[in-house]
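This is what each chain is made of:
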Amino acid sequence: QLVAAICARWHLADQRRQHHPGFVAAGRTGTGKTTMAQFVARAFGLDPEGHVIYLANRTAAEVLGRRSYDEDGQWRYSPSPLLGRPLLVFDEFDKGGREQQRAALLAFQGDTRAVVEETPVQLRAVPMLACNTYEGLPIPPEYRRRSVVLHMDPVADLLDDLDQALRQLELA
């Protein structure tokens, strides 16, 4: 579903502007959440470093964009380049601060366009977040309803060697 969503949102964003799902991978450390995201990025020829971001190390302005003065001395909003990528993974979502989480959740509304600081913004990226807890998932219910949620803990034993297997595939 994640692969199909990346293709659909990227190529149909202008025709279908609503109801695009986000993706959530939740579970304890070592269950393959980050590795899965990196693998999907590589499968599309994308650099994981630019598409899988550690949310706690980013400001809300880096996620959404920022206001700055233009050459005429007027305030102008500049959207974050992250929003225009085909895939944007907010890794360790649960470790991000409230402002970073709120900024990241804008991408989970399911729309390909939003208004930020009174400026229309294209949301081309398929959003995914990875967090280390499923119980007490730090995502409001309305965002969970719009997302595909993968609870990694119940399948952890089946995926015990996932990280190692995916790393071997990346090296091949």
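Please read these numbers as outputs of a predicted model, since none were measured by experiment.

*Asks:* Quick rundown of the confidence of the model for the protein chain? Include the residues and the values.
*Replies:* Taken over all residues, the pLDDT of the protein chain has a mean of 80, while the share at 70 or more is 78%. Ranking the elements of the protein chain by mean pLDDT puts helix α1 (residues 2-12) last with 59 and strand β2 (residues 52-54) first with 93.

*Asks:* Tell me what's going on with the packing of aromatic side chains, and back it up with residues and numbers.
*Replies:* The tally for this structure, following the rule as stated, stands at two aromatic pairs. Taking the centre distance of 6.4 Å and the plane angle of 45 degrees together, the rings of Phe90 and Phe108 count as tilted. Of the two residues, Phe90 is situated in strand β5 (residues 87-91) and Phe108 in the loop between α5 (98-105) and β6 (113-116); the sequence distance between them amounts to 18 residues. Exposure class is identical for Phe90 and Phe108. Each is buried. One residue, Arg146, lies across the ring of Tyr143, its end atom 5.4 Å from the ring centre.

*Asks:* If you had to explain helix α2 (residues 33-43) to someone new, which residues and values would you point to?
*Replies:* Of the residues making up α2, those classed as buried are Lys33, Thr35, Ala37, Val40 and Ala41. After α2 finishes, the residue Gly45 shows a positive phi value of roughly 75 degrees.

*Asks:* Now, about the pattern of salt bridges: what can you tell me, with residues and values included?
*Replies:* Enumeration according to the criterion identifies three salt bridges in this entry. In this structure, Lys95 and Glu92 form a salt bridge, with 2.9 Å as the shortest nitrogen-oxygen distance. A residue is classified by how much of its surface remains accessible, and Lys95, at 42% relative accessible area, is partly exposed. Residue classification places Glu92 among the buried residues on the basis of a relative accessible area of 17%.

So, how was this worked out
- The residue numbers shown here count from 1 along each chain, following its written sequence.
- In keeping with the model being predicted, local features are shown solely for residues with a pLDDT of at least 70 and side-chain atom pairs are shown and tallied solely at 80 or more, while totals for entire chains, interfaces and linings include all residues.
- Side-chain numbers here rest on the full set of heavy atoms in the structure, without hydrogens or water.
- Per residue, pLDDT measures the predictor's confidence, with a range of 0 to 100.
- For the purposes of this entry, the term helix denotes a DSSP run of H or I that reaches at least four residues, the term strand denotes a run of E that reaches at least two, and both are numbered from the N terminus.
- Here is the rule: rings of Phe, Tyr and Trp (six-membered ring for Trp) pair when centre to centre is within 6.5 Å. Planes less than 30 degrees apart are stacked, more than 60 are edge-to-face, and the remainder are tilted.
- Throughout, exposure labels follow a simple rule: accessible area from a 1.4 Å probe, protein chains only, divided by the maximum for the residue type, with under 20% read as buried, over 50% as exposed, and the rest as partly exposed.
- Charge-over-ring placement is defined geometrically: NZ (Lys) or CZ (Arg) within 6 Å of the ring centre, and within 35 degrees of the ring normal.
- A pair is scored as a salt bridge if a Lys or Arg side-chain nitrogen falls within 4 Å of a carboxyl oxygen belonging to Asp or Glu.

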